[in-house]
Amino acid sequence: LAVVVALSNGRVMLWESAALGAEARPVLTSVTGSGNLKAMRVVRSTAYRTECVVGTSDRGVGLAALDARKGTTACSFFSGPREDGRSVEEEEASEQAGGSLLQNVFGSFANRFQSSSGFDTAKGSGSGASSGEPSSCQVLALEFAHPFLVALDGSGGLWCWKLGQEVDEQPKLLNFVSLKSVCVSSLDLASYLKPGTRQGTVDEGSVTVRPLDATQIAKGGHKGVAVLALVQGSDNLQKVVVFVFGLADRGGLHFQRHVLLSDEWLLGSAVTLQLKLKVASDNNSFVIKGSDGHAIAFAGSLETATEVAAIHMNKFVWDASSFTPISGQAQFLFLMHDLTQSTLSRTLLDMCYNIVEALPKQYTQHSSSDPQADASGLLGALDIQLKDKLEQHFQFVSLLHSRGWLDMLDMKTAGKIVRAGEHIAALQCIKSKENLLQEQGSQERQVGGLGTPGIVGAGSGGPGKSSVSLELLQSIIREAGTKVAERSEQSQLDEPKQPWEVFYSKPLSSVLFLDTVVAKVNALVSQPHFEISKDVSASTRDIQVQNAILNVLSRTVTETLNAVESWIRAVDASCIPVLSGAFGYQEGYSWTSCPSLCDCLLALSRLCIHYHSQWKAKAPNMVPRLSIQLHSLITQYLSVRDAFLEATPEEEKLRNPQHFRAYVDSGEEILGALLDASYEEANHMIQDAVAELAEVHSCYGVLYSLCEKTNDMQRLYQYMRMVQPFATYAFRKLIEAKRVRDILELPPEFNESLCVYLQQHSDQHHQELLWLHLARMQAWGDCTSLLESIANRIPTSEEKQRHLALSKLCKLAQNY
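Residues numbered from 1 in each chain as written. Predicted model: local features only at pLDDT ≥ 70, side-chain atom pairs only at ≥ 80, totals over all residues. Heavy atoms only, no water.

Enquirer: How should the sheet that holds strand β2 (residues 11–16) be read in this particular structure?
Expert: Pairing between the strands of a sheet is mediated by backbone hydrogen bonds and can be parallel or antiparallel. Sheet architecture is open: three strands sit in the order β1-β2-β3, paired in antiparallel fashion. Pairing within the sheet leaves two strands with one partner each, and these edge strands are β1 (2–6) and β3 (25–31). In this sheet, neighbouring strand axes are inclined to one another by 20° on average, regardless of whether the strands run parallel or antiparallel. (Pairing = 2+ DSSP bridges. Helix = DSSP H or I, 4+ residues; strand = E, 2+ residues; numbered from the N terminus. Axes fitted to C-alpha atoms, helices over the stretch in contact; angles between N-to-C directions.)

Right, dumping it as structure tokens:
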């Protein structure tokens, strides 16, 4: 195994290793004589001999050979005469006597290159060479796309040679292309002028093209070169452009098209930094890296795009390389500052997290020990930060979508990037709820509210209802923020932050808020006293406290869900994929279908049922309002539950069927409790609403109970017609209740489905119902066969004789 290493000081080294994974050792070193090596490309390699071309900024293009078997090296440069009158080739010949083979191969090519290729300083080639050191020697980039060798010089010239198949075949100079003479005419220069400058035509003679870098491109068997250049002119004309050239066997380089790059950093860095261009294997994206470690990426096809915008990376990038994995989707691999590798998907996901999880700036200090206690203090700062995050995330996702970046990512990563906005929208709503409670608490203090019975505080007087709600909400925020801080890397925190500050700064952990609500609700149900915060606890048996706590928890969760759904509709209106299932099962759970939201809505629904039994005796006038609140919670729970189950892969459901079945049974349980409450209150509106929910979400037990309570068989028939497969469920419930008459009196339209259902059960009870059903249908032949089959399975003679007699009667009826 051989590796060729080129050093910037002009040395080319050959390293060899006995096997993959074994230690490599340097074998040969070729001293090119250049002090500033820019590029090196291997053109041929055998078991013992390696040949490569080198490009320098002081001596032009050279060819080097390293022969490990002979232990010799050779190097030839092709540039103008030296100051001492000797050519570079003459000096190399005297210094490298052992390199005669390389000189024989490339010697005539060197003379031809020196005399006619345009690198001669006397001719200048129209490339703008100065009278001093020829600019043709300043090679910026060198590319080898077999069998073509392309060099980009400092004056904006492209040189193309074709290397022969044999080692002794001389390379052939195909053509020379000047970027200014060939490419500038294709640009709409007048439209590039900055606003406020004099409009009109632009003198192409005053336009300069400064080359920055070049790289080879290939797709579908076609080869070419992409050149990064800075176009400048008078009247503030300045544009960074990628010029695309094709390669042909006969014509060499030929200009095809250009792509404009829109980015302010790139314009400012084109003169001060050394830039490198990397193009993906499918030509649909490319990366530009500066010598300062900053890198920007562009999503746009070099074959179709006209102008593209950049996406900036926030980490120091040593290098970038395009690769194509087994999936066939071209990607980039980045070598970061900490010497870790990251794909484009990982990089874009990190960029998204940097937007949505940025810690807030240093806020103004407050006299209060808890800054949240001041309603006016951080109201503006946090609200502005969340608003800015949401806008920045939307702009980021819009850019990825419009430029085709989302299509280049795997479904899981794309889903994470797009759905990060859901978490910001959720925190925005939670913060709005907190702001509202702070304003209400301030008003209570102004009118002199002294407290609410049942509240036990640290002081002599308890807080009012709004203060109870605010204390509860802020305690949940603090607990969730503490969990977020524990899970976050300490290096991400510049300095210790308050839990509430971390909570509002980490939107991707907003689901922990829901988990904390579930824990609080469970404590409300199971304990006589409820600790709201460190210094405040409340009696869980006080009606007013219960009402305040239930209102703040249920409204915060339901309003947050509505806010997230509104954000989804707004993003969907921009044609960005965000609806449920947009990224398949790979995306995981969105905020609106996550298990934590299901558990939270279910816990709040059960809290309503728990309070319902207490309020009937203590505050009957508040019970109807509680039923309405329960209806709102169960409505959202059923919708979220269905979305959650739909987003769960079938394999996971099969691994733990009881866990997922519990969500279905819980919906039936809560909806059934609401139905019972509606009958106790004689609330027909709630009854109709329950029936509608049961129909939509396939709560068959509730539908059957609704018909049973009213003894309305016509309604049961209607559900059996409309809701599938409710008919099968109704058959089972009627049989379990031994309502034989109701089964046999079903409308004729259910005859076939009932017959199929009974045939699926081989026990005697179902078989007895089946022959009665067949006799009712006057299917005497099938009835006769079934009765004989039943008789053969009965051991007692009396029952057997009875079934045989019935079978004879059915046979007579068949013949009648």
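Enquirer: What's the story with the packing of helix α20 (residues 726–736) against helix α22 (residues 751–759) in this structure? I'm lost.
Expert: Helix-helix packing is described using two parameters, namely the angle between the two axes and the distance between the axes. For the pair α20 and α22, the least separation of the axes is 10 Å and the interaxial angle reads 65°. Once α20 is placed against α22, the crossing between them reads as right-handed. For the pair α20 and α22, the contacting residues are Thr728, Phe731, Arg732 and Ile735 in the first and Ser753, Leu754, Tyr757 and Leu758 in the second. For the contact of α20 with α22, the residue count by class is five nonpolar, two polar and one charged. (Left-handed = near helix turned anticlockwise from the far one by under 90°. Contact = heavy atoms within 4.5 Å. Nonpolar A, V, L, I, M, F, W, Y, C, P; charged D, E, K, R; others polar.)

Enquirer: Looking at this structure, how should I read helix α13 (residues 595–618)?
Expert: The α-helix winds at 3.6 residues per turn, so residues separated by three or four positions along the chain end up facing the same way. Taking 1.5 Å per residue, 24 residues should reach 34 Å; α13 reaches 35 Å between its end C-alpha atoms and fits that length. For α13, the principal kink sits at His612 and spans about 30°. (Expected span 1.5 Å × (residues − 1). Bend = angle between axes of the 7 residues up to and from the residue.)

Enquirer: Whenever I open this one, the sheet that holds strand β10 (residues 157–162) confuses me. Can you help?
Expert: Read across the sheet, four strands follow the order β8-β9-β10-β11 without closing on themselves; strand pairing throughout is antiparallel. Sheet topology places β8 (139–145) and β11 (172–178) at the edges, where each strand pairs with a single neighbour. Within this sheet the neighbouring strands show an average axis-to-axis angle of 15°, counted without direction. As paired strands, β10 and β11 are joined by six bridges and run antiparallel to one another. Within the sheet, the bridge partner assigned to Leu158 lies in β11 and is Val177.

Enquirer: What am I meant to see in the nonpolar core here?
Expert: Leu553, Leu671, Met720 and Phe726 are the most contacted members of the largest nonpolar core, which has 147 residues in total. Tallying contributions element by element places helix α12 (residues 543–573) first for this core, with 12 residues. Setting aside its immediate chain neighbours within four residues, Met720 contacts Phe726, Ala727, Ala730, Phe731, Leu746 and Phe750. Grouped together as the second largest cluster of nonpolar side chains are 28 residues, Val207, Val227, Phe243 and Phe245 included. (Core = buried A, V, L, I, M, F, W, Y, C linked by side-chain atoms within 4.5 Å. Buried < 20%, exposed > 50% of the residue type's maximum accessible area, 1.4 Å probe, protein only.)

Enquirer: Sorry, what's going on with a nonpolar patch on the surface here?
Expert: On the surface, a cluster of nonpolar side chains totalling about 200 Å² of accessible area is made up of Val3, Val5 and Leu7. Checked against the element boundaries, Val3 lands in strand β1. Judged by its relative accessible area of 47%, Val3 is partly exposed. (Patch = residues over 30% accessible without salt bridge, like charges linked within 9 Å, V, L, I, M, F, W, Y side chains within 5 Å. Areas by Shrake-Rupley, 256 points an atom, 1.4 Å probe, with all protein chains shown as cover. Salt bridge = Lys/Arg side-chain N within 4 Å of Asp/Glu carboxyl O.)

Enquirer: Can you help me understand the packing of aromatic side chains in this one?
Expert: Here the distance between the centres and the angle between the planes together describe a pair of aromatic rings. On inspection of all chains with the given rule, the structure shows 16 aromatic pairs. Relative to Trp318, the ring of Phe316 lies with its centre 4.9 Å away and its plane at 65°, an arrangement referred to as edge-to-face. Note on Trp318: relative accessible area 44%, which makes it partly exposed. Taking the centre distance of 5.9 Å and the plane angle of 5° together, the rings of Tyr611 and Trp615 count as stacked. Placement of both Tyr611 and Trp615 in helix α13 is noted, with a separation of four residues, approximately one turn of the helix. Overall, the relative accessible area of 2% leaves Trp615 in the buried class. One aromatic cluster is present, built from ring pairs that chain together Tyr700, Tyr704, Tyr719, Phe726 and Tyr729. (Phe/Tyr/Trp six-rings, centres within 6.5 Å; stacked < 30°, edge-to-face > 60°.)

In short, geometric facts, not functional conclusions.
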